[in-house]
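This is what each chain is made of:
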Amino acid sequence: MRTKIKSILHSKSPELFLEKEVTIAGWIRTVRDQKSFAFIEVNDGSCLANLQVIIDESLKNPDFTTGASISVTGKLKQSPGKNQALEIHASTIRLYGKSDPAKFPLQKKRHSFEFLREIAHLRPRTNTQGAVLRIRNALAFATHLFFQKRGFLYVHTPIIAGSDCEGAGSMFRVTTLDPTQKNKDFSQDFFGKPAYLTVSGQLEGEIIACALSDVYTFGPTFRAENSNTSRHLAEFWMIEPEMAFADLKDNMECAESYLKFCVQYVLENCIDDLQFFDQFIEQGLIERLIHVKETPFEHLPYTKAIEILQKSSQNFVFPVEWGIDLQSEHERYLAENYFKKPVILTDYPSKIKAFYMRSNDDGKTVAAMDVLVPKIGEIIGGSQREERLDILQQKILDFGLKSEDYWWYLELREFGTVPHAGFGLGFERLILFVTGMENIRDVIPFPRFPGHADF
Ligand code: 4AD
Ligand code: MG
């Protein structure tokens, strides 16, 4: 039976494997031919490290080249080499698939991330992408652990939506109508009305929270905004907790604890991959993560943040005045330069936030919160929700929305309304934050962005 390389190299008691026969399988990373024997480095993706295989003259094969897939059976021995503790002395090798070295695109040198994006079918075989995908997996697991431990239920909200939760008006349409047909009649469409890919599961999350108390969603989310930046995707994954009988303070506590839990989890479970990122992607990464885990986040109302930005000597591209939607340059200045740690901004002007956020008594601001982190800017957006029926009705009108579209949302306030709050975390932004990677297109295996919907 095949053993994964991780379970050998990361075993709590590797001595159990010593002098025993094992079979591993994976892809050849490098071959170093010596006179009477050869070293083959094999990687199976289970961990960053390769396992070194030693083969003698009789097993040599010119088809053992970088990229080829093999399985190896042999005895595991202590390695005299300084780079690894264990190695396999092969007794048999099976070649599964050859890989012509003249054509295989992944050479030993480091490739640019731009180049690797063009070969999305092979980039998971690189160290960086392997490490990203293992950390992505760990963060998904940590997310479920965190919320499950707190008694949140994981709920599934629809991907096809009939309304625009964020009021942003940048949704992908879902239709079976003939695209060449002029003057389309959407009453004849599949759903009998216009339908879209969801921008958020929040409103449906609220429905379930207003019955089961604490819930979270974790699913794909779609935005058709033409944001060609290193922080935006057209298809990204979002985690959206929603809590009944909770206010903005509870929301902030949950967001901060969740981020810290994720950081703690990868520090405990993915240290090899983090060391790799620390060495090759962002020097000081591990120290930064430990700092995040140990430091209380700064809490600050939007109005104070505007004052800080106005007093700074920074030359911002977008001028700062009360009422503006903060740009990532402003958010990063606050988290990166001014406070040098994650910041939770609250109480934004109601005009720049979604209709469902709870109005503050000043009549100008809402109980919103954005969590801003160094390097990224906004990583979480959330709020306490407006639970007062009359105020919500008025806001829907003020925002130019149609009450008919939100009748069910309003009924939640009519029948047994409760204070409730929640937030959304962009999963890929969390991965950027934890790995130090620069571009969001490199932390999702198949990125979707303007002009890119291929494999
Ligand atoms: O701030 P947003 O738009 O909030 C919502 O969607 C709320 N319904 C969440 C809630 O309260 N339940 O998005 C939440 C987060 C952002 O902070 C950001 O991290 C991420 O989603 N995000 C994106 N990530 C990648 N690409 C995009 N185009 C993103 N747009 C938002
Ligand atoms: Mg936001």
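From a predicted model like this one, the values you see are computed outputs, not experimental measurements.

At a closest axis distance of 11 Å, the pairing of helix α8 (residues 302-311) and helix α9 (residues 328-338) adopts a crossing angle of 80°. Between α8 and α9, the crossing angle belongs to the class labelled roughly perpendicular. Here α8 contributes Ala305, Ile308 and Leu309 to the contact with α9, which in turn contributes His330, Tyr333, Leu334 and Tyr338. Its residues assigned to classes, the contact of α8 with α9 comprises six nonpolar, one polar and no charged.

A few words now on the pairing of strand β4 (residues 69-78). The element β4 is largely enclosed, with a buried count of seven among its 10 residues. Sheet topology places β4 next to strand β5 (residues 86-97); 10 bridges connect them, and they run antiparallel. Among the inter-strand pairings, Ser69 is bridged to a residue of β5, identified as Gly97.

This brings us to the packing of helix α10 (residues 389-398) against helix α11 (residues 407-414). When two helices pack together, their arrangement is given by the angle between the helix axes and the distance between those axes. Running from N to C, α10 and α11 cross one another at 160°; their axes reach a closest spacing of 9 Å. Accordingly, the angle class assigned to the pair α10 and α11 is roughly antiparallel. Considering how the two elements wind past one another, α10 and α11 form a crossing that is right-handed. Where α10 abuts α11, its residues Leu389, Leu392, Gln393 and Ile396 lie against Tyr409, Leu410, Arg413 and Glu414. The class makeup of the residues in the contact of α10 with α11 is five nonpolar, one polar and two charged.

Now for the sheet that holds strand β12 (residues 298-301). The sheet built from eight strands is open, its strands ordered β6-β10-β11-β16-β15-β14-β13-β12 with mixed pairing. The outermost strands of the open sheet, each flanked by one partner alone, are β6 (153-154) and β12. When strand β14 (residues 365-373) meets strand β15 (residues 377-384), the two strands line up antiparallel, connected through six bridges. The partner of Asp370 across the bridge, within β15, is Gly381.

Here we take up the pairing of β15. Here β15 lies mainly inside the structure; six of its eight residues are buried. Counting the residues between successive antiparallel strands, the hairpin from β14 to β15 contains three residues, one of them, Lys375, with a positive phi of roughly 80°. With five bridges connecting them, β15 and strand β16 (residues 420-426) associate as antiparallel partners. When the sheet's bridge partners are listed, Gln384 is paired in β16 with Ala421.

For helix α3 (residues 127-149), which comprises 23 residues, the first-to-last C-alpha distance of 32 Å matches the rise-based estimate of 33 Å (1.5 Å per residue) to within 8%. Just downstream of α3 lies Gly151, where phi reads positive at about 85°.

For Ser11, the position within the fold is in the loop between α1 (5-9) and β1 (21-33). From its side chain, Ser11 meets the backbone nitrogen of Ser13 in a polar contact 3.1 Å long. Leave out the neighbours within four places in its chain, and Ser11 touches Lys6 and Phe17.

Scoring rules and cut-offs
- Residues numbered from 1 in each chain as written.
- Chains lettered and ligands numbered in written order.
- Predicted model: local features only at pLDDT ≥ 70, side-chain atom pairs only at ≥ 80, totals over all residues.
- Heavy atoms only, no water.
- Axes fitted to C-alpha atoms, helices over the stretch in contact; angles between N-to-C directions.
- Helix = DSSP H or I, 4+ residues; strand = E, 2+ residues; numbered from the N terminus.
- Parallel < 35°, antiparallel > 145°, perpendicular 65-115°, else oblique.
- Contact = heavy atoms within 4.5 Å.
- Nonpolar A, V, L, I, M, F, W, Y, C, P; charged D, E, K, R; others polar.
- Buried < 20%, exposed > 50% of the residue type's maximum accessible area, 1.4 Å probe, protein only.
- Pairing = 2+ DSSP bridges.
- Left-handed = near helix turned anticlockwise from the far one by under 90°.
- Expected span 1.5 Å × (residues − 1).
- Polar contact = N/O pair within 3.5 Å; in protein donor to acceptor, adjacent residues only side chain to side chain.

So far we have only geometry, and geometry alone does not tell us how the molecule works.
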